Each structure stands twice: as structure tokens, then as C-alpha cells.
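Coordinates in review
One-letter residues, chain by chain:
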Amino acid sequence: MNFSFRNKRISGVLTVVPANERSFLEDMKNFNAPEARSLKLMEVMGYDKRRVVSEGVCISDLAVFGLQNLFSRSLLKPEDIDALILISQTPDYLVPPTTSVIQGRLGLKQDMLCLDINQACAGFVIGLIQSFMFLEQESIRKVVLLSGDVLSRKVSPKDRTIYPLVGDAIAITVVERDSGESSIEATVKMDGSRGNALSIPAGGMRLPCSPQTAVLEDVGDNNLRAKDHLFMDGSAIFNFVQTEVPPLINALCSRTGRDIYSGDYFLCHQPNRFMLQKLADKMKIPHAKMPNNVVERFGNSGGATIPMALTINVADHLKAGSARACLAGFGAGLTWAAMLLTLGPLSFCELIDYP
Amino acid sequence: MKSVAEILKEIRPEFDFTASTDFMADGMLDSFDMVTLVAALDKNYGISIPGTDILPENFQNIASIETLLRRCGAVLQP
């Protein structure tokens, strides 16, 4: 499905990561695999450091902390927020929506719209599309898009298919109208028939959490995981990304008459270094144009990784000027999405620690 | 330049890869080993094996890996 927008822009990005850092060298002691094999994996996948929340910290805690930081520095006024969107798979509660929790904690005005969207690694692009749609309304002038997860709380420490790559974070992206003639093009695809490749089996209405769903099971390759934990079919997801994402971006460029190689940056979701390098090779994009260094420094935090790639790699460029970028997200659903837009100049673009 | 068998031996020294015709079925390689193997083959032969070719059937045994490498432009020692 294709989308086109005019006169909208991202005006600022703040990424919030927990100060609590874990290292792969520490984590690998939990794995039932020889050290030498784990070290080789570390080198190829780019596993190293990642940020995870302390026990009990929720996604709303990161969001409230980040928004208060922006308010205190007058980078955002609470009364200017007309809509709050949260892209996350880790809500505080099943009910109420986490955006309502955040609105209440911050004392935001009642004359606004709060919306939770259950999306993951493609969520930043989905959230931008939703934000731009909101901005078509006369009554909505500024949207705050929150995207991220605290999935470290839902992974098994004895599952090396997923544990070493998951990090926690939230990105706060301010989206508003633009007086210029900016053009934004996007495309989204979804395939629910493959949804089980990335899932948490227990915890919803289909299979509520229970003592039985918390029991660790041997799931092969020396990994232990419970039904309460996040499951990823790594081979299926890898193949999905390599097969589906390049034609998606090529079709988007072709539809809009853009030369795929003319853009400044390809800011993709950050699953691991290996997958991104293979994606860049397949699309013949120089590795320097497609940053892949988020996982090694912070871990994979779902919908926060694209803005995080932006904040840690191109912040100076985007605070001083603008750049043509292609954003691409892919993950649970399965969902894959891409967007062509001009980024910058941004009034803020930084990363802060949640203590 | 190392041979495919030598690279496999570096990844899983406990196995004799020349004696197997199906590494996955024989429990000699898992999906993580396959990733490590692809990175090692890329580096050794100066190629980039396409992500869409990283499938178990292409890594079933030494012959299938060599077929894949030739398709990717690698020059193998006789």
C-alpha cells in the first residue's frame, strides 16, 4: 500500500536509553554453547553492549522521563502536543492504553488524541505514516510519536537466538506541519500468514500467562525458552528481510522516480550487523550509507532503532542542515515498510540516559 | 586461501565434515554456525554470498557449499 504526504516534517528526535548496560561477554556465560563459538558469533553479528531496563521499569517510564527532559529545556511545550502515538509491543497494561498513562502522568491537556499501536521493528515508519495522517486534520498541529520497547523483560536469558541482541529504548519524535513543499512517499506491506515467525505465545487472551507458560523448555540448539518469552525464527526472519525489503525499496524509488543511489542515508531497522551488511550488499548500497552500529552499542529496541541510528550517526548533519533519506523497517506481523523523505534541519537530535 | 573443509573445521573442530553429506541432519551446523560460516567464506574468497542464498540446502555438505561459492564468483582451488 502506497502513501504520499506533503508539507510535513520531523522537527526533533530524542532517544532515551536505560543507563544499565550489559555486555555480550557477560551474557554468553548463560548460554549452553562453547565460548569460542559465541565469540565468533559476537564478531559476525556485532553483539557487544546493550542497554536494558532495571526490574520493573516500563516503557511509559522512559517516555515520561524523555518528555520531561524536552519540557524542561523548552524544546517542546506540553500544551502544543495535539496527539500522542506510542508504537510498542510492551505496553504497561492491557488496559488502559499506555499513551493514556503517559498523558495522565504528564498532566497533558484533555483536548488531544492518544493512540497505542501494537507494532514492532517496522513501527517507526508505520508511526510516521499515522502521524502525517493526523496532521491532515485542522485541529492537529503537532504530533509526538513514541516508539520503542522494553522487550528485555520478555526474553529468556538462556535463549541465545534472541537474548544477546535485545535492548530497551524509546524514541521521541516530534512531527509537525512544514511550510515548505516537502514531499514524503511511503509504502507498507503486511503478511499475517507468517506472523508466528516472531511472537510471544503467552500473555494475551489466547494463552494467558500461567505457571505452565513460565516453564523453560528445550527448544533445540541448546536453547531454553518459555511460552512467556519472545520467540524468533531467525532463519525465517533473515530470509524474509533479504527477500522482501530490497524489492520494496526499489518499487518505492521506481514509483516516485527517485534514483535509489542518490539519497544520503539508508536508515534501516537494526536487527544485527550481519543482516544489514547483507541487505546493503544485495542492494549495492555502500555500507557507509547504511549504518549498522546500533546493536553493538545499544541492542535491538524494535521501533526505536531507526531514530537511534539517526541520533548516533547523523545528528550533527541533521541539526545543521538537511539530507535525503530512505527509512526502512521490517519485523513482527510480518510487516515491512519504507519511506523516502527529507530529514532536517532538526531543532534537537540526541540520545540521553534514563538513570 | 583456505579450503571449505578447513573453514568448517575452524568453526566446529570437533567434527569431520568430509565424512558427512548432510551437516544439518547430522547436527554438525546450526543456524548460528551457518552465519559464522558465511562470514568466513565471504572473507576467504573475497565475495558476498547473497542473503537470499543463505538457506540450509546450500550448506548441506562440502559439495553444495562449493557449488554456491562458484555461483557467487569464487575461484576454488582444484
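When helices and strands are counted, chain A shows ten helices and 17 strands. Taking 2.2 N^0.38 as the reference for a compact globule, 355 residues should give roughly 20 Å; the C-alpha atoms of chain A span a radius of gyration of 19 Å, in line with that estimate. Across its three principal directions, the C-alpha atoms of chain A cover 55 × 45 × 35 Å. For chain A, the residues scored as buried account for 48% of the 355 residues in total. Put simply, of all contacts in chain A between residues at least 6 apart along the chain, 78% involve residues at least 24 apart.

Our next topic: the interface of chain B and chain A. With twelve residues of chain B at the interface, the matching set in chain A holds 15 residues. Looking at the side of chain B that touches chain A, the element that brings in the most residues is helix α2 (residues 31-45) of chain B, giving five residues. Across the side of chain B that touches chain A, the residue classes tally to six nonpolar, five polar and one charged.

What follows covers helix α3 (residues 62-71) of chain B. Residue and element names in this part refer to chain B. Listed as buried for α3 are Ile65, Leu68 and Leu69. All buried residues of α3 fall inside an arc of 100 degrees around its axis, so they share one side. Turned more than 90 degrees away from the buried face of α3 sit Ala63, Thr67 and Arg70, all of them exposed. Contact partners of the buried residues in α3: α1 (4-11) and α2. A positive phi of about 95 degrees marks Gly73, the residue just after α3.

What follows deals with the pairing of strand β8 (residues 169-177) of chain A. All names here are of chain A. Most of β8 is tucked away, with seven of its nine residues classed as buried. The sheet contact formed by strand β2 (residues 8-18) and β8 spans eight bridges and is antiparallel. Bridge pairing in β8 places Ile10 opposite Val175. Alignment of strand β7 (residues 142-149) against β8, held across eight bridges, turns out to be antiparallel. Each bridged residue has a counterpart across the sheet, and for Gly148 the counterpart in β8 is Ile170.

Residue and element names in this part refer to chain A. Looking at where Asn7 falls in the secondary structure, it is placed in the loop between β1 (2-6) and β2. For the pair formed by Asn7 and Lys278, sequence separation is 271 residues and the distance between their alpha carbons is 34 Å. Filtering out sequence-adjacent residues up to four positions away, Asn7 remains in contact with Arg177, Asp178 and Ser182.

Now for the confidence of the model for chain B. Low pLDDT marks stretches whose predicted atomic positions should not be read closely. When pLDDT is averaged along chain B, the result is 91, and 99% of the positions lie at 70 or above. This complex was scored by the predictor with a pTM of 0.93 and an ipTM of 0.84.

This brings us to the sheet that holds strand β5 (residues 83-87) of chain A. Residue and element names in this part refer to chain A. The six strands are arranged β6-β5-β7-β8-β2-β17 in an open sheet whose pairing can be described as mixed. Sheet topology places β6 (113-117) and β17 (348-354) at the edges, where each strand pairs with a single neighbour. Within this sheet the neighbouring strands show an average axis-to-axis angle of 15 degrees, counted without direction. Together, β2, β7, β8 and β17 form the strand contacts of helix α3 (residues 59-72), whose direction differs from that of β8 by roughly 50 degrees.

Next up on the list: helix α2 (residues 35-45) of chain A. Residues and elements named next belong to chain A. Listed as buried for α2 are Lys40, Leu41 and Met45. An end-on view of α2 places all buried positions within 115 degrees of arc, on one side of the element. Those residues of α2 that are exposed and aimed more than 90 degrees away from the buried face are Glu35 and Ala36. Residue Gly46 follows α2 closely and has a positive phi angle near 85 degrees.

How each quantity is defined
- Residues numbered from 1 in each chain as written.
- Chains lettered and ligands numbered in written order.
- Predicted model: local features only at pLDDT ≥ 70, side-chain atom pairs only at ≥ 80, totals over all residues.
- Helix = DSSP H or I, 4+ residues; strand = E, 2+ residues; numbered from the N terminus.
- Rg over C-alpha atoms; globule rule 2.2 N^0.38 Å.
- Buried ≥ 20, exposed ≤ 12 C-beta atoms within 10 Å, placed from the backbone.
- Contact = placed C-beta atoms within 7 Å.
- Nonpolar A, V, L, I, M, F, W, Y, C, P; charged D, E, K, R; others polar.
- Arc of directions from axis to C-beta.
- Pairing = 2+ DSSP bridges.
- pLDDT = per-residue confidence, 0-100.
- Axes fitted to C-alpha atoms, helices over the stretch in contact; angles between N-to-C directions.

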